[in-house]
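# Descriptive structure summary
Read off the chains here:
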Amino acid sequence: QAGIAIGKLNAVLAPHGLTLPVHADPRETIGGLIANAPRDAYSQHCGGIMNYVDRVEVVLSNGELIQTSRLNPAKLTFKQSQKTFEGEVYEKLEDLLIKNSTINNLSGDTRVGYPALKHVRRNHGHVFDLLPVFFGAEGSLGVITEVILRLHVLPPHPHRLFAVFPNIKAAREFMDNTAKLEPLSIEIFDTKIFKIVEDYGKKPDLLTRKLEDGFVVLVSFNDKPSKSRRKVKKCLRLLPKSAYVVSETV
């Protein structure tokens, strides 16, 4: 159901070797992620929530319950012939797409909001699917009640590398070079954040000594273990010998 939190969902899936690989607050609900469609830290790597939703069940504004599906031309014609609000939605949306050629010229870089309309008709018009319009609609087109998801096999434990730089220029140069290795994620932090955290009695698991002023870069790889270890070694070669760095070897 759409009200389940992503953290709880992944906790249930993990014993079965499966996961929904979307980086979000574990308290976020699946329905909320679809309604808001935020770009997450892994969007470039995994694609965000929209790449893992197969179908949704939605309550429309008149109370009618529908389930989205990929319709061929014959099934679309049948839907449009029904005297229901769902049939009217299909009819008017297809008419909108046919009469407004500018929709096809909307930015292809995003599948959220108005640009999502161009993804309703796919495969040269042989597939018609309402699903794309619900991403980022914030509930304005209907209330999502149930979701059918596509899951991934649980990836290996990520190998991480933690490096400290005295200035932003050095940190950015390392990040640009590391990005070529296609990591799961690259994150940068001001060391002041870690000092504040330590003042409250917390300490990051990779941090083994006090930090000077500067910037911390955290790189994560979740390829096969042997490949991740090779990538970590390549990262180490990009660092000056004087750099403070910690890498995982598990």
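Our subject in this report is the structure included herewith. Because the structure is predicted, anything quoted here is derived from the model rather than measured.

Rules and cut-offs
- Residues numbered from 1 in each chain as written.
- Predicted model: local features only at pLDDT ≥ 70, side-chain atom pairs only at ≥ 80, totals over all residues.
- Heavy atoms only, no water.
- Helix = DSSP H or I, 4+ residues; strand = E, 2+ residues; numbered from the N terminus.
- Buried < 20%, exposed > 50% of the residue type's maximum accessible area, 1.4 Å probe, protein only.
- Areas by Shrake-Rupley, 256 points an atom, 1.4 Å probe, with all protein chains shown as cover.
- Contact = heavy atoms within 4.5 Å.
- Salt bridge = Lys/Arg side-chain N within 4 Å of Asp/Glu carboxyl O.
- Phe/Tyr/Trp six-rings, centres within 6.5 Å; stacked < 30°, edge-to-face > 60°.
- Pairing = 2+ DSSP bridges.
- Axes fitted to C-alpha atoms, helices over the stretch in contact; angles between N-to-C directions.
- Parallel < 35°, antiparallel > 145°, perpendicular 65-115°, else oblique.

## Overview of the overall build of the protein chain
- Regarding its fold elements, the protein chain presents 8 helices and 11 strands.
- Per-residue burial for the protein chain yields a buried fraction of 39% across its 250 residues.
- Total accessible area computed for the protein chain in this model is approximately 14,800 Å², and 54% of it derives from carbon and sulfur atoms.

## A closer look at the environment of Val89
- Summarising the element assignment, Val89 is placed in helix 5 (residues 85–99).
- Note on Val89: relative accessible area 27%, which makes it partly exposed.
- Through-space distance from the C-alpha of Val89 to that of Lys79 is 9.5 Å; in sequence the pair is 10 residues apart.

## Regarding the side chain of Thr178
- As for its position among the elements, Thr178 is in helix 6 (residues 168–179).
- For Thr178, a relative accessible area of 0% translates into the label buried.
- Apart from the residues within four sequence positions on either side, Thr178 is in contact with Pro183, Ile186, Val219, Phe221, Cys235 and Leu238.

## Quick word on the pattern of salt bridges
- The tally for this structure, following the rule as stated, stands at 11 salt bridges.
- Notably, a salt bridge pairs Arg55 with Asp54, separated by 3.1 Å at the nearest N-O pair.
- Looking at Asp54, the relative accessible area reads 12%, which means it is buried.
- Arg70 is the salt-bridge partner of Asp54, the closest N and O atoms lying 3.0 Å from each other. Of this pair, Asp54 sits in strand 2 (residues 53–59) while Arg70 sits in the loop between strand 3 (65–67) and helix 4 (73–81), and the two are 16 residues apart along the sequence.
- Judged by relative accessible area, Arg70 falls into the partly exposed class, the value being 43%.
- Beyond isolated ion pairs, a larger network of salt bridges with shared partners links Asp54, Arg55, Arg70 and Arg150.

## Considerations on the packing of aromatic side chains
- Enumeration according to the criterion identifies 3 aromatic pairs in this entry.
- Judged by centre distance (5.9 Å) and plane angle (50°), the rings of Tyr90 and Phe128 are tilted. One end of the pair, Tyr90, is in helix 5; the other, Phe128, is in strand 5 (residues 127–128), with 38 residues separating them in the sequence. As far as burial versus exposure is concerned, Tyr90 and Phe128 are alike and both buried.
- Ring geometry for Phe165 against Phe174: centres 5.2 Å apart, planes inclined by 35°, an arrangement best described as tilted.

## With respect to unusual backbone geometry
- The phi dihedral of Glu138 falls on the positive side, at around 55°, and the residue is not glycine.
- A relative accessible area of 62% places Glu138 in the exposed class.
- Residue Glu182 is not a glycine yet carries a positive backbone phi of 55°.
- The exposure class of Glu182 is exposed, given its relative accessible area of 58%.

## Quick look at the sheet that holds strand 6 (residues 143–149)
- The 3 strands are arranged 3-2-6 in an open sheet whose pairing can be described as antiparallel. Either end of the sheet is taken by a strand with one partner, and the two such strands are strand 3 and strand 6. With direction set aside, neighbouring strand axes in the sheet form an average angle of 15°.

## Some words on the sheet that holds strand 10 (residues 215–221)
- The 4 strands are arranged 9-10-8-11 in an open sheet whose pairing can be described as antiparallel. The open sheet has two edge strands with one neighbour each: strand 9 (185–190) and strand 11 (244–247). Direction aside, the axes of adjacent strands within the sheet are offset by 15° on average.
- Two strands pair when backbone bridges link them, and strand 9 and strand 10 are joined in this way by 6 bridges, in the antiparallel orientation. The partner of Asp190 across the bridge, within strand 10, is Phe215.
- The sheet contacts of helix 7 (residues 191–199) involve strand 8 (159–165), strand 9 and strand 10, and relative to strand 9 the element is tilted by about 70°.
- The strands touched by helix 8 (residues 225–237) within the sheet are strand 8, strand 10 and strand 11, with strand 8 carrying the most contacts at an inclination of about 10°.

## With respect to the packing of helix 4 against helix 5
- Remark: helix 4 packs on helix 5, axes separated minimally by 7 Å, with the N-to-C direction vectors making an angle of 120°. Relative to helix 5, the element helix 4 lies oblique. Only Glu86, Gly87, Tyr90, Glu91 and Glu94 of helix 5 make contact with helix 4, whose side of the interface consists of Leu76, Lys79 and Gln80.

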